[in-house]
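What follows is the residue order along each chain.
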Amino acid sequence: MIRFYLNGQLQKLNQVDPNLSILDWLRTRKRLTGTKEGCASGDCGACTVVIGSPDPEQSGQLRYDSVNSCIALVGSLHGKHLVTVDALTQEPAHPVQKEMVECHGAQCGFCTPGIIMSLFALHTESAANGSIPDDEALLEALSGNLCRCTGYRPIIEAGRRACVQTWEPGTGNAVLSRSSALSGPNGATPNNPAPGLAA
Ligand code: FES
Ligand code: FES
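Every value quoted in this text rests on a predicted model; they were computed, and no experiment measured them.

**Q** Sorry if this is basic, but what is going on with the overall build of the protein chain here?
**A** Within the protein chain, the regular secondary structure consists of six helices and five strands. Reading the secondary structure of the protein chain in the N-to-C direction produces β-β-α-β-β-β-α-α-α-α-α. The proportion of buried residues among the 199 residues of the protein chain is 40%. Sequence-distant contacts, at least 24 apart, represent 70% of the contacts inside the protein chain between residues at least 6 apart.

In structure tokens, the structure reads:
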């Protein structure tokens, strides 16, 4: 059995197909279709999700990284926290979402969710480190999100503006709190689920 969190909710999976991608699991098993499939080969970034893994440098904290879910396997999620664009539906909107709208950075429904998640990962890690990413960091964060339809200027501007803003998740949003993410609902952890949640 593997255990992990999906958007703050504990998941326990038995006999996982070793070839099952995170993207296919999200879309076909969980019916979370905010994460899109473009190339299905790790090139376009439409499928970008964010994964929190225990940070070896900060005990009890998660480090959040953007990942192409089409080429990452569900089996690799054990002990981690998977965050998808579906989690960003509550008010107040995340600064990345707000600035993508205000800067007219939103593109089509395929690339935009991936762009949001790449910038979300950058914002989350920058906020945790108390740093403001420079343009080089912004470009690197977006380097895996491809769109040939238009320009990146408004997207980069949205990232610049978003990363100087703080964000407090709304009441009841357990998804994006760094401290609650690792402990999860009811104080559970992926490896040590709370009593009553154990298999
Ligand atoms: S669908 Fe293109 S990188 Fe995953
Ligand atoms: S791929 Fe979405 S607008 Fe170009």
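**Q** Hey, could you run me through the sheet that holds strand S1 (residues 2-6) in this one?
**A** The strands making up a sheet are joined through hydrogen bonds of the backbone, oriented either antiparallel or parallel. The strand order across the open sheet formed by five strands is S2-S1-S5-S3-S4, and the pairing between neighbours is mixed. Looking along the sheet, the strands with just one partner apiece sit at the ends: strand S2 (9-13) and strand S4 (62-68). Each neighbouring strand pair of the sheet contributes to a mean axis angle of 30 degrees, computed without reference to strand direction. Bridge count between strand S3 (residues 48-54) and strand S5 (residues 81-83): three bridges; the pairing is antiparallel. Following the sheet pairing, Gly52 is matched in S5 by His81.

**Q** What's the story with the environment of Cys47 in this structure? I'm lost.
**A** Looking at the element boundaries, Cys47 is found in the loop between helix H1 (22-29) and S3. With 13 residues separating them along the chain, Cys47 and Gly34 place their C-alpha atoms 8.9 Å apart. Residues contacting Cys47, with those up to four places away along its chain left out, are Leu23, Thr35, Lys36, Glu37, Gly38, Asn68, Ser69, Cys70 and Gly114.

**Q** Before we go on, may I ask you to explain helix H3 (residues 111-129) in this structure?
**A** Quick reminder: α-helices carry 3.6 residues per turn. Residues three or four places apart thus point the same way. Its 19 residues place the ends of H3 27 Å apart at the C-alpha level, agreeing with the 27 Å of an ideal helix rising 1.5 Å per residue. Of all 19 residues that make up H3, 15 are buried, and the element is covered over most of its length. Where H3 ends, the next residue or the one after it, Gly130, has phi of about 70 degrees, a positive value.

**Q** What am I meant to see in the pairing of S4 here?
**A** Two faces belong to every sheet, and in a regular strand the side chains alternate between them. A large share of S4 lies buried, amounting to five of its seven residues. Pairing between S3 and S4: seven bridges, direction antiparallel. Paired with Val50 across the strands is Ser66, a residue of S4.

Conventions we followed
Residues numbered from 1 in each chain as written. Chains lettered and ligands numbered in written order. Predicted model: local features only at pLDDT ≥ 70, side-chain atom pairs only at ≥ 80, totals over all residues. Helix = DSSP H or I, 4+ residues; strand = E, 2+ residues; numbered from the N terminus. Buried ≥ 20, exposed ≤ 12 C-beta atoms within 10 Å, placed from the backbone. Contact = placed C-beta atoms within 7 Å. Pairing = 2+ DSSP bridges. Axes fitted to C-alpha atoms, helices over the stretch in contact; angles between N-to-C directions. Expected span 1.5 Å × (residues − 1).

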